[in-house]
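A closer look at the structure
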Amino acid sequence: MRKIGILGLVGIFALVLAGCGGGDDRVTITGPGLVEIADSPTVLITAPELTVVYAIPLTPGTFTAQILSDQPKDGDIAFDPVTSIYTVTKGPPAILFGIDSANSHNPEYRAFLDFPLDGSTGGDVLPLNASIVSATLKITVDFVDFAATVPVLLDLVQYPVATGLTFADYNSAPLAFRSFDIFDTDVLLDNVQIEVTSLMTEAQNRGLADFQVRFLLGP
C-alpha cells in the first residue's frame, strides 16, 4: 500500500502553482474521506474493468465489450492547499481520491482511469458505429478512510495518452459527470459496480478513442 503524504516515490513529481486553474468551479474541499481503488492489471479479479453492451445498426442482437483499464495511463493527482503543490502519480498499483485528513494540510486527491476503446491494449474493441445500450464500471475499493459515506463525482474527462497525466488534469472541465456514494462497507465486497451508461454514451457520441474518468469528492 502506498504511504500517504510521502512525495519521494518513483513516478511522482510535484509542480508549484499559485492557483488551481482549469474549468472546474464546482468543487471545494467538503470534509474528510479518502478512498483507495486497486489498480493492478495482473490481478484480474480486482483490476478496474469497463463493460459495455452495445448494438450495431442493421445487425440483430447486442454485443458486449469488456475492457481493462490501461494501468500505466491511470493515476492520481494531489493538491496541497497550503503549499499550492500538485503531486502527480502515474501508474501506481492503487489510486486515491478524497481528503487525506491524516495530513495537517488536508491535501485533496483525484483519481483517474483510462479505458482504450480501440483494442490498442489487447482488450475488446468498441466499434465507432456502436449504439450504447448500457455501460458499467467495476472497481475494487481497498479502503475507505475517515468517513462511512463518501459522496463521489465521476467525471468524463480527456487527458493525453501519449504523455499521461499532468497537473492541469486536476481541474480540467468535465465533458459529463454523475454522482454516487461509496461506503466503508464496500471494502468487504469483491467489487463495486458503477453505472456509467450516460458517460459512455457521451464518449461514443464524441468519437473518443479512450473512455477516461476522474473520481473526486462530491458536495
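Note that this is a predicted model, so its numbers are computed, not measured.

1. A look at the overall build of the protein chain
Looking only at helices and strands, one finds one helix and 14 strands in the protein chain. Residues counted as buried form 47% of the 219 residues belonging to the protein chain. Contacts spanning at least 24 positions in sequence make up 78% of the contacts within the protein chain whose residues lie at least 6 apart. For the protein chain, the computed accessible surface area is about 9,700 Å², with 58% contributed by carbon and sulfur atoms.

2. Here's the deal with the pattern of salt bridges
A complete count under the given rule lists four salt bridges for this structure. Across the salt bridge formed by Arg-110 and Glu-108, the nearest N and O atoms sit 3.7 Å from each other. Residue classification places Arg-110 among the buried positions, given a relative accessible area of 2%. Exposure remark for Glu-108: the relative accessible area of 4% places this residue in the buried category.

3. Details of unusual backbone geometry
A positive phi angle, near 65°, is found at Leu-58, a position not held by glycine. Checked against the element boundaries, Leu-58 lands in the loop between strand 3 (49-55) and strand 4 (63-68). The exposure class of Leu-58 is exposed, given its relative accessible area of 90%. In the Ramachandran plot, Asn-106 falls in the positive-phi region, its phi being about 50° despite a non-glycine side chain. Inspection of the secondary structure assignment puts Asn-106 in the loop between strand 7 (94-99) and strand 8 (108-116).

4. Some remarks on the pairing of strand 7
Across the six residues that make up strand 7, a large majority, six, are buried. Pairing between strand 2 (residues 33-38) and strand 7: six bridges, direction antiparallel. Across the sheet, Leu-34 pairs through a bridge with Gly-98, a residue of strand 7.

5. Quick look at the environment of Val-187
With respect to the helices, strands and loops of the structure, Val-187 is situated in the loop between strand 12 (176-183) and strand 13 (192-195). A sequence separation of 152 residues divides Val-187 from Val-35, and the C-alpha atoms of the two residues are 9.8 Å apart. For Val-187, the contacting residues outside a window of four places in its chain are Val-141, Asp-142, Phe-143 and Val-144.

6. Brief notes about the packing of aromatic side chains
By the definition in use, this model includes eight aromatic pairs. Ring plane angle 40° and centroid distance 4.7 Å describe the contact between Phe-79 and Tyr-86, whose orientation is recorded as tilted. You'll find Phe-79 and Tyr-86 in the same group, each marked buried. Put simply, the rings of Phe-79, Tyr-86, Phe-167 and Tyr-170 touch in pairs and so form one group of aromatic residues. When the ring centre of Tyr-170 is taken as reference, the NZ or CZ atom of Arg-110 above it lies at 4.0 Å.

7. A short note on the environment of Asp-184
Summarising the element assignment, Asp-184 is placed in the loop between strand 12 and strand 13. Taking the C-alpha atoms as reference, Asp-184 lies 7.2 Å from Phe-143; in sequence the two are 41 residues apart. With residues up to four places along the chain from it excluded, the contact list for Asp-184 reads Val-144, Ala-147 and Ala-148.

Conventions and cut-offs
- Residues numbered from 1 in each chain as written.
- Predicted model: local features only at pLDDT ≥ 70, side-chain atom pairs only at ≥ 80, totals over all residues.
- Heavy atoms only, no water.
- Helix = DSSP H or I, 4+ residues; strand = E, 2+ residues; numbered from the N terminus.
- Buried < 20%, exposed > 50% of the residue type's maximum accessible area, 1.4 Å probe, protein only.
- Contact = heavy atoms within 4.5 Å.
- Areas by Shrake-Rupley, 256 points an atom, 1.4 Å probe, with all protein chains shown as cover.
- Salt bridge = Lys/Arg side-chain N within 4 Å of Asp/Glu carboxyl O.
- Pairing = 2+ DSSP bridges.
- Phe/Tyr/Trp six-rings, centres within 6.5 Å; stacked < 30°, edge-to-face > 60°.
- Lys NZ or Arg CZ within 6 Å of the ring centre and 35° of its normal.

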